[in-house]
Amino acid sequence: MSLAKRIIPCLDVKDGETVKGINFVNLRSAGDPVELGKAYSDQGADELVFLDITASFEGRKTFTEMVTRVAQTLNIPFTVGGGINELADVERLLYAGADKVSVNSAAIRRPQLIDEIATRFGSQVCVVAIDARLDADGGLWHCYLKGGRERTERRLFEWAHEAQERGAGEILFTSMNHDGTKNGYANEALCRLADELSIPIIASGGAGCKEHFRDVFTEGHADAALAASVFHFGEIPVPELKKYLKAEGINVRL
């Protein structure tokens, strides 16, 4: 029996509230992250991801307090990311109650950060998030920094391989082309990642209907599917989604 596929609501947190945009812009409020987190936990979500999308010093303090409050209400694993640049940041968030941390820009700038987190806290704590866009010029997936604002010369597949070699426990891949569009996940790229790597792949960007979740598992070979707006705005209730997936023959925890 294969491992159960995971459904992971993602909460982008800005100044203490949950927000959601399209293609990384046009943010609108989606509610209190602690209340939303508890609701998802109660509904049967397998894990949660909280991202501090404006991790300035003040925002960081607010975010750490929120992580502590979240930890008191949840009974499922949760990952936090945003503004993690050094081991002290990881320590602070794990101490506040997070189960895993997600690193993105800082890991591309200084890849040794992945080795350090894995060595100090274990690979299971280190999720490497990759925001990538399939660029028209040359048809290559480029990795982006700073919440999708800055293109790098890093390519998706080579960077994912390196992250795994350095000790990442999971890869969280967001397709910027698909983010918020509700047209489905980047299944071709996801399938390649899943087939080439031995660590779990979390798919992000593009969920719009229940069929998209089915397809990301059957065609994209993802281990977990992450989504935001379809959950936050009540378009797809988590229990309903899981019943649908089960009926489609996909192994999920009900």
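Everything below is about the structure printed above this text.
Residues numbered from 1 in each chain as written. Predicted model: local features only at pLDDT ≥ 70, side-chain atom pairs only at ≥ 80, totals over all residues. Heavy atoms only, no water.

## Topic: the side chain of D135
Argument step 1. Along the chain, D135 turns up in strand 7 (residues 126-135).
Argument step 2. Assessed through its relative accessible area of 8%, D135 is described here as buried.
Argument step 3. With near-sequence residues (within four places) excluded, D135 lies in contact with L140, H142, Y144 and R151. (Helix = DSSP H or I, 4+ residues; strand = E, 2+ residues; numbered from the N terminus. Buried < 20%, exposed > 50% of the residue type's maximum accessible area, 1.4 Å probe, protein only. Contact = heavy atoms within 4.5 Å.)

## Looking at the pattern of salt bridges
Opposite charge on two side chains allows them to pair when their charged atoms are near.
Argument step 1. Applying the stated rule across the entire model yields 22 salt bridges.
Argument step 2. Of the charged contacts in the structure, one is a salt bridge between E235 and K182, with a shortest N-O distance of 2.7 Å. On the criterion of sequence distance, the pair formed by E235 in the loop between helix 9 (229-232) and helix 10 (238-247) and K182 in the loop between strand 10 (170-175) and helix 7 (187-196) is long-range, its members being 53 residues apart.
Argument step 3. Note on E235: relative accessible area 38%, which makes it partly exposed. (Salt bridge = Lys/Arg side-chain N within 4 Å of Asp/Glu carboxyl O.)

## As for unusual backbone geometry
Argument step 1. One non-glycine residue, K182, lies in the positive phi region at around 60°.
Argument step 2. Judged by relative accessible area, which is 28%, K182 ranks as partly exposed.
Argument step 3. With a phi angle near 55°, H221 is a residue other than glycine that sits in the positive phi range.
Argument step 4. Its location among the elements puts H221 in the loop between helix 8 (210-218) and strand 12 (224-227).
Argument step 5. Under the relative-accessibility criterion, H221 is labelled partly exposed at 34%.

## A closer look at the side chain of N187
Argument step 1. Take N187: it is sitting in helix 7.
Argument step 2. N187 has contacts with D215, V216, E219 and G220, leaving out every residue within four places of it along the chain.

## Quick look at the pairing of strand 10
Argument step 1. For strand 10, the tally of buried residues reaches six of six residues, placing the bulk of the element in the interior.
Argument step 2. Neither face of strand 10 is open: one carries E170, L172 and T174, the other I171, F173 and S175, and all of them are buried.
Argument step 3. One ladder, built from four bridges, connects strand 10 with strand 11 (residues 201-204); its direction is parallel. Along strand 11, the bridge assignment pairs T174 with S204.
Argument step 4. Note that the unit made of strand 10, helix 7 and strand 11 has a crossover that is right-handed. (Pairing = 2+ DSSP bridges. Right-handed = clockwise from strand over helix to strand, strands pointing away.)

## A few points about the pairing of strand 7
Argument step 1. Extensive coverage of strand 7 is indicated by the burial of eight of its ten residues.
Argument step 2. Pairing analysis gives three bridges linking strand 6 (residues 100-103) to strand 7, with the strands arranged parallel. Bridging from a neighbouring strand, V103 pairs with V128 of strand 7.
Argument step 3. Where strand 7 meets strand 8 (residues 140-145), five bridges bridge the pair, whose relative direction is antiparallel. When the sheet's bridge partners are listed, D131 is paired in strand 8 with Y144.
Argument step 4. Taking the residues between adjacent antiparallel strands as the criterion, strand 7 and strand 8 are bridged by four residues, where G138 takes a positive phi near 95°.

Treat this as a map of the structure, not an account of what it does.
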